[in-house]
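# Report on the structure
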Amino acid sequence: HVDAVAATMQARAARRNPSLTQRDHDVLASLLKGQPTEAMAESLGLTVSSAQTYVKRLYRKLGLSGQRELLAWLMEPGEGG
């Protein structure tokens, strides 16, 4: 069930921001699964520092300040919903 919700949220993010890269989608998927940065880094083959940088870049691309805003943004009805 969690994976289905994460997939729906990820598809919504892709529709709302088509410029997201594959790496952005990988990072987003990890965030939506609630993975801590260390686990994200390991699953994506990154250093923890690189994973943190990717997360910051993703939030910047989406115009959000953190995970709470990300989830709110993905839950709200809107264009490309």
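This write-up is about the structure you can find in this document. (Residues numbered from 1 in each chain as written. Predicted model: local features only at pLDDT ≥ 70, side-chain atom pairs only at ≥ 80, totals over all residues. Heavy atoms only, no water.)

Glancing now at the overall build of the protein. Within the protein, the secondary structure is distributed over 5 helices and 0 strands. Along its sequence from the N terminus, the protein presents helices and strands in the succession α-α-α-α-α. For a compact globule of 81 residues, the expected C-alpha radius of gyration is about 12 Å, and the protein comes in at 12 Å, within 12% of that figure. Taking the principal axes of the C-alpha coordinates as reference, the protein spans close to 35 × 30 × 20 Å. Across the 81 residues that make up the protein, the buried fraction comes to 37%. Of all intrachain contacts in the protein linking residues separated by at least 6 positions in sequence, the fraction that spans at least 24 positions is 53%. Side-chain charges of the protein comprise 10 positive and 8 negative groups, with the mean position of each set lying 4 Å from the other. (Helix = DSSP H or I, 4+ residues; strand = E, 2+ residues; numbered from the N terminus. Rg over C-alpha atoms; globule rule 2.2 N^0.38 Å. Buried < 20%, exposed > 50% of the residue type's maximum accessible area, 1.4 Å probe, protein only. Contact = heavy atoms within 4.5 Å. Lys, Arg positive; Asp, Glu negative; His and termini not counted. Charge placed at Lys NZ, Arg CZ, Asp CG, Glu CD.)

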